Amino acid sequence: MAVDTTCHESAKVTAHNKPGCYTCDPGAGCKAIESYDRLFVSEFGDCSGYEKMKAEIYARGPISCGIDATAKMEKYTGGIFHEAGATSIDHIISVVGWGVDKTTKDEFW
């Protein structure tokens, strides 16, 4: 959530109740987070595109990246995940590196 990230302990916990401190699981619903750390951004910028992303990871370490986390992803068990047709960003992940599969020659993050 990119707006009002102030946590209010007394807030009702639902996926649509933006001010609360909670975590949600697709199968189990939402629950309050009793203890949490606060992190702050000290620097940010745009590194869109394969080469810019690699350069940023190489220079400063992991980057944040938005993905479309679909139902198919919940069944992921290993290997290189690929799903064509992603249409929205609904999760943020940390990208820590990249490589090439020796067998298929597929590139991966």
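Note on numbering: residues in each chain are counted from 1, in written sequence order. In keeping with the model being predicted, local features are shown solely for residues with a pLDDT of at least 70 and side-chain atom pairs are shown and tallied solely at 80 or more, while totals for entire chains, interfaces and linings include all residues. Note that the side-chain values use all heavy atoms of the structure and ignore hydrogens as well as water.

(A) Expanded view of the overall build of the chain. What the chain contains, in helices and strands, is one helix and six strands. Secondary structure is summarised from DSSP: a helix means a run of H or I of at least four residues, a strand means a run of E of at least two, and numbering begins at the N terminus for each. Each helix (α) and strand (β) of the chain, taken in turn from the N terminus, gives the series β-β-α-β-β-β-β. Residues counted as buried form 14% of the 109 residues belonging to the chain. Surface exposure of the chain reaches about 9300 Å², of which carbon and sulfur atoms provide 53%. Burial status follows relative accessibility: with a 1.4 Å probe on protein chains alone, a residue under 20% of its type maximum counts as buried, one over 50% as exposed, and anything between as partly exposed. Only the protein chains shown count as cover for residues, and all accessible areas are computed by the Shrake-Rupley method using a 1.4 Å probe.

(B) Here's a closer look at the nonpolar core. Here, nonpolar core refers to any group of buried Ala, Val, Leu, Ile, Met, Phe, Trp, Tyr and Cys residues whose side-chain atoms link them within 4.5 Å. Membership of the largest hydrophobic core is limited to five residues, which are C47, M53, I57, I63 and V95. The criterion used for residue contact is that any of the two residues' heavy atoms lie within 4.5 Å. Contacts of C47, omitting those with residues within four sequence positions, involve K52, M53, E56 and I63.

(C) Representation of the side chain of D68 in the model. Structurally, D68 can be placed in the loop between β3 (63-67) and β4 (91-95). The side chain of D68 is buried and forms no salt bridge, while K72, the nearest opposite charge, is found at 12 Å. Filtering out sequence-adjacent residues up to four positions away, D68 remains in contact with M73, A86, T87, S88 and D90. Residues scored as positive are Lys and Arg, those scored as negative are Asp and Glu, and His as well as the terminal groups of each chain are ignored. Here, a salt bridge means any Lys or Arg side-chain nitrogen found within 4 Å of an Asp or Glu carboxyl oxygen.

(D) Just the side chain of K54, in detail. Note that K54 resides in helix α1 (residues 50-60). We classify K54 as buried; its relative accessible area is 18%.

(E) Seen up close, the environment of S48. Take S48: it is sitting in the loop between β2 (29-32) and α1. A C-alpha to C-alpha distance of 9.2 Å links S48 and C65, two positions 17 residues apart in sequence.

(F) Spatial organisation of a nonpolar patch on the surface. Residues Y58, W98 and W109 make up a contiguous nonpolar surface patch of about 400 Å² in total accessible area. Tracing the chain through its elements places Y58 in helix α1. Exposure remark for Y58: the relative accessible area of 71% places this residue in the exposed category. Surface patches are defined over residues having more than 30% relative accessible area and no salt bridge, joining like charges when they lie within 9 Å and nonpolar side chains (Val, Leu, Ile, Met, Phe, Trp, Tyr) when within 5 Å.

(G) The arrangement of the pattern of salt bridges in detail. Scanning the entire structure with this criterion turns up two salt bridges. The partner of E51 in a salt bridge is K54, with the nearest N and O atoms 3.9 Å apart. Here K54 and E51 lie together in helix α1, a separation of three residues that amounts to about one turn. When the shortest N-O distance is used, the salt bridge between E56 and R60 registers 3.3 Å. Pair noted here: E56 and R60 are both in helix α1, with a separation of four residues, about one helical turn. The exposure class assigned to R60 is exposed, which follows from its relative accessible area of 53%.

(H) Summary view of unusual backbone geometry. A positive phi is found at K105, a non-glycine position, where the angle reads about 65 degrees. Considering the arrangement of structural elements, one finds K105 in the loop between β5 (99-100) and β6 (107-108). For K105, a relative accessible area of 59% corresponds to the exposed category.

Structural measurements only, silent on function.
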